[in-house]
Amino acid sequence: MVTLDLPAPTRTTALACRGLVKAYGTTVAVDGVDLDVPRGTLTALLGPSGCGKTTVLRMIAGLLAPDAGEIVIDGRIVADHRTSVPPEKRPVGLVFQDYALFPHLSVARNVAYGLGDLPRRARREQVHEVLDLVGLGDLGRRLPSALSGGQQQRVALARALAPSPELVLLDEPFSNLDASLRSTVREEVRSILRAADATAVFVTHDQEEALSLADRVAVMQAGRIHQVDEPQTLYTRPATRFVAGFVGEADVLPARRIDTYLVDTALGQLPTTDAVTSPEVAAVIRPESLQVSADPRGTATITGIEYFGHDQLVHVRLADGTSIRARRGPLLDLHRGDRVDVAVLGPIVTFPHAG
Ligand code: ATP
């Protein structure tokens, strides 16, 4: 686990969570979570099922009270050991997994729901504006049941955005959509949030969704955050072994330090991105960094090929019996049983064994 060096919250921080803890009976669901969300950004909380993502989101929303820690939204403490501002008093908009639209209310009235304080005319104008923003300006009179899944989700988003909250929270917002719709809707949601200049946090267990959508991704496991970074940094410089394995594909091999930036592995001597300080470390090999070429005198053997069309995953057994994967283009010029030569492109990331 890495120690996070957190900046002090500033005016540019929309949300700051400090040392959040939450247990359900004897299950510690959230175990000391620190998270800063800069204003105007989209942050993904990414992690496997049961790691505590939804619990964090519900504490930020005010639907659950933390056992310890504090939550600051727009510079105001909304939860700590003394305070717990109720959900309706927090400047937060929520989009639930199932959208939670009122089935008997029209689209416009669903969106107007959170605008009760506004005079009628201002309310109507705000509903109109936000429905235009989500591209549903003409559908205000329809009932939710007469909309597609993607449209229903945009209504839920419009309802969350209508009161101009400081923060929009989305709980697995794309999980109810068909795979074919998902990437289009993702892109739409992203542009809507950008157009509204909203700050948002969304929960997902889908790493592709997190990487493609978020400005920053917080990777969680067993109630803790391992790393918060931009997608590219997360992928190219994972801070822990868990992040390396969960974000993208990776094979982890034992490695021995040869020099400050050089280790010895079953793939030979490899340069490293960072200084190696321990004698024994773990080396992360991404399948796309492995080059495999046919060589009758090669010491590695192909044990299997998974063909996906746009690319293929080639399983290789090295001379010492280590199994490793390589990603290659669509050309099927190698086959199971072929002898091959294997090389690694670029420097690799290493961790201490306990990382
Ligand atoms: P998923 O992706 O499956 O929704 P998650 O990462 O959002 O998972 P949480 O729903 O926050 O995880 O749950 C974290 C842990 O707390 C899990 O072990 C879960 O079983 C447990 N948990 C969640 N809600 C309750 C509850 N109401 N009572 C008891 N245990 C709970």
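The structure displayed is predicted, hence computed values, not measured ones. Each chain carries its own residue numbering, running from 1 in the written order of its sequence. Totals for whole chains, interfaces and linings use every residue, but because this is a predicted model, local features are given only for residues with pLDDT of at least 70 and side-chain atom pairs only at 80 or more, for both listing and counting. Values shown for side chains rest on all heavy atoms present in the structure; no hydrogens or waters enter the calculation.

Enquirer: What exactly am I supposed to notice about the pairing of strand β18 (residues 323-328) here?
Expert: Walk down a regular strand and you will see the side chains alternate between the two sheet faces. We call a residue buried when its accessible area falls under 20% of the maximum for its residue type, exposed when it is over 50%, and partly exposed in between, using a 1.4 Å probe and counting protein chains only. In this text, helices come from DSSP runs of H or I with a minimum length of four residues, and strands from runs of E with a minimum of two, each type numbered from the N-terminal end. The two faces of β18 differ: I324, A326 and R328 on one face are buried, but S323, R325 and R327 on the other face are not. Linking strand β17 (residues 312-317) back to β18 in an antiparallel pair, the connection comprises five residues, with G321 at a positive phi of about 95°. Only when DSSP finds a minimum of two bridges between them are two strands counted as paired.

Enquirer: Looking at this model, I keep getting lost on the sheet that holds strand β13 (residues 268-271). Mind explaining?
Expert: Sheets are built from strands that pair by backbone hydrogen bonding, the pairs being arranged parallel or antiparallel. Reading across from one edge, β13-β12-β11-β14-β20 is the order of the five strands in this open sheet, with antiparallel pairing throughout. The open sheet has two edge strands, β13 and β20 (349-352), and neither has a second partner. Pairwise comparison of adjacent strand axes, ignoring direction, gives a mean angle of 45° for this sheet. Direction of pairing for strand β11 (residues 251-259) relative to strand β12 (residues 262-265): antiparallel, over a ladder of three bridges. Across the sheet, R256 pairs through a bridge with D264, a residue of β12. Inter-axis angles, ranging from 0 to 180 degrees, are taken between N-to-C directions of lines fitted to C-alpha atoms, where helices are fitted over the stretch in contact.

Enquirer: Help me understand the domain arrangement of the protein in this model?
Expert: Accessible area lost when the parts come together is the quantity often used to give the size of an interface. Boundaries between domains were set according to an automatic or database domain assignment. Taken domain by domain, the protein holds domain 1 (13-91 + 165-245) and domain 2 (250-351). Once you take the C-alpha centre of each, domain 1 and domain 2 turn out to be 34 Å apart. Summed over both partners, the accessible area lost on bringing two parts together, with a 1.4 Å probe, is the buried area. Between domain 1 and domain 2, a total of about 800 Å² is buried, with carbon and sulfur atoms accounting for 51% of that surface. The largest share of the area that domain 1 buries against domain 2 comes from Y235, R237 and R241, three residues that together contribute 60% of it. Any Lys or Arg side-chain nitrogen located within 4 Å of an Asp or Glu carboxyl oxygen qualifies as a salt bridge. Here R237 makes a salt bridge to D274, at a shortest N to O gap of 2.6 Å. Any N or O atom pair separated by 3.5 Å or less is treated as a polar contact, with the protein-specific requirement of one donor-capable and one acceptor-capable atom, and with residues adjacent in sequence counted only for side-chain atom pairs. Taken together, the connections running from domain 1 to domain 2 amount to four residue pairs in polar contact (both at pLDDT 80 or more). Taken together, the elements giving at least two residues each to the side of domain 1 that touches domain 2 come down to α7 (231-236) and α8 (241-246).

Enquirer: Help me understand the side chain of K53, please; the structure alone is not making it clear to me.
Expert: In this structure, K53 sits in helix α1 (residues 53-61). Polar contacts involving the side chain of K53 include one to the main-chain carbonyl oxygen of P48, which spans 3.1 Å. In this analysis, two residues are considered to be in contact whenever any of their non-hydrogen atoms come within 4.5 Å of each other. Apart from residues lying up to four places away in sequence, K53 is in contact with L45, L46, G47, P48, E172, V203, T204, H205 and M220.

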